[in-house]
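# Summary of the model geometry
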Amino acid sequence: MLEKKIVGVVVGSNDPEAHQKSFQEGEQVAKLIDDFGEFEACLIEIGKGPWLLHYDDSKATFDKEKFGTIIRRRRVKPDSVLILTKGKVGETGELQEYFDKMGVPFSGSGVEDTRQTFNKSECNQIFKSEGLPTVGSYLINNSKLATEDLFDKIEKVFGFPCIVKPNRGAGSKGITKVETKKE
């Protein structure tokens, strides 16, 4: 009998609360995959510290060089991965680059697409070049450029309130609604 292919459900975050939520969601997805019966599932937990592979009610340190680990005298090596991480850990393109390097198919966008969408300004420029509608934006590359003159210009062009977001932020972290120029 042929062994079932293994889907690695990649979970985790550098933020403890988001890490826990990602882990719980990943457990639910892994159970669905197992219950479906066509594949086996394992969790690959990443974030701060060593990667861990959870399989068959056990866990072991994940060997990134061999892309797998040994659990209960069985080599567990995912054939593909489903990325369910939260925050920067899965949004910068580094994780996708690792899976590409290891020759492991993964869910979501490729390396370059992920990097481009992580950079909000670059992504916005691509949308504009393709004729897609975008929200007005202004990139401040350096906090030293954030002068009264610049704030006056922003007020004239965009008005207040406006939204401030880190160019390379993940999810909704760092978003601030600015009501007045003084803020």
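The subject of this paragraph is the environment of Glu94. Among the secondary structure elements, Glu94 is positioned in helix H2 (residues 94–102). Owing to a relative accessible area of 57%, Glu94 belongs among the exposed residues under this scheme.

In this section: the nonpolar core. One finds Ile44, Leu53, Val81 and Phe99 to be the most contacted residues of the largest nonpolar core, which totals 21 residues. Those elements that provide at least two residues to this core are strand E1 (6–13), strand E2 (40–47), strand E3 (52–55), strand E7 (80–83) and H2. Among all residues touching Val81, those that are not within four sequence positions of it are Gly8, Val10, Ile44, Phe67, Phe99, Val104, Pro105, Phe106 and Ser107. In terms of nonpolar packing, the next biggest core, distinct from the first, is built from 8 residues, Val11, Ala30, Ala41 and Leu43 among them.

Turning to the environment of Gly47, a few remarks are in order. Inspection of the secondary structure assignment puts Gly47 in strand E2. Taking the C-alpha atoms as reference points, Gly47 and Val89, separated by 42 residues in sequence, lie 6.9 Å from one another. Those residues in contact with Gly47, other than ones at most four positions away along the chain, are Ser13 and Asn14.

A cluster of nonpolar side chains, contributed by Tyr138, Ile140, Leu145, Val157 and Phe158, occupies part of the molecular surface with about 470 Å² of accessible area. Among the secondary structure elements, Ile140 is positioned in the loop between helix H4 (120–129) and helix H5 (148–157). Judged by its relative accessible area of 35%, Ile140 falls in the partly exposed class.

Moving on, we get to the pattern of salt bridges. The full count for this structure, using the stated rule, is 9 salt bridges. The partner of Asp35 in a salt bridge is Lys31, and the shortest N-O contact between them spans 2.7 Å. With Asp35 and Lys31 both in helix H1 (residues 16–36) and 4 residues apart, the pair spans about one turn of that helix. Taking the relative accessible area as the measure of exposure, Asp35 reaches 52% and is therefore exposed. The class for Lys31 is exposed, based on a relative accessible area of 51%. Glu112 is the partner of Arg115 in a salt bridge, and the nearest nitrogen-oxygen pair spans 3.4 Å. Of the two residues, Arg115 and Glu112 both sit in helix H3 (residues 111–118), 3 residues apart, roughly one turn of that helix. The exposure class of Glu112 is partly exposed, given its relative accessible area of 49%.

Cut-offs applied
Residues numbered from 1 in each chain as written. Predicted model: local features only at pLDDT ≥ 70, side-chain atom pairs only at ≥ 80, totals over all residues. Heavy atoms only, no water. Helix = DSSP H or I, 4+ residues; strand = E, 2+ residues; numbered from the N terminus. Buried < 20%, exposed > 50% of the residue type's maximum accessible area, 1.4 Å probe, protein only. Core = buried A, V, L, I, M, F, W, Y, C linked by side-chain atoms within 4.5 Å. Contact = heavy atoms within 4.5 Å. Patch = residues over 30% accessible without salt bridge, like charges linked within 9 Å, V, L, I, M, F, W, Y side chains within 5 Å. Areas by Shrake-Rupley, 256 points an atom, 1.4 Å probe, with all protein chains shown as cover. Salt bridge = Lys/Arg side-chain N within 4 Å of Asp/Glu carboxyl O.

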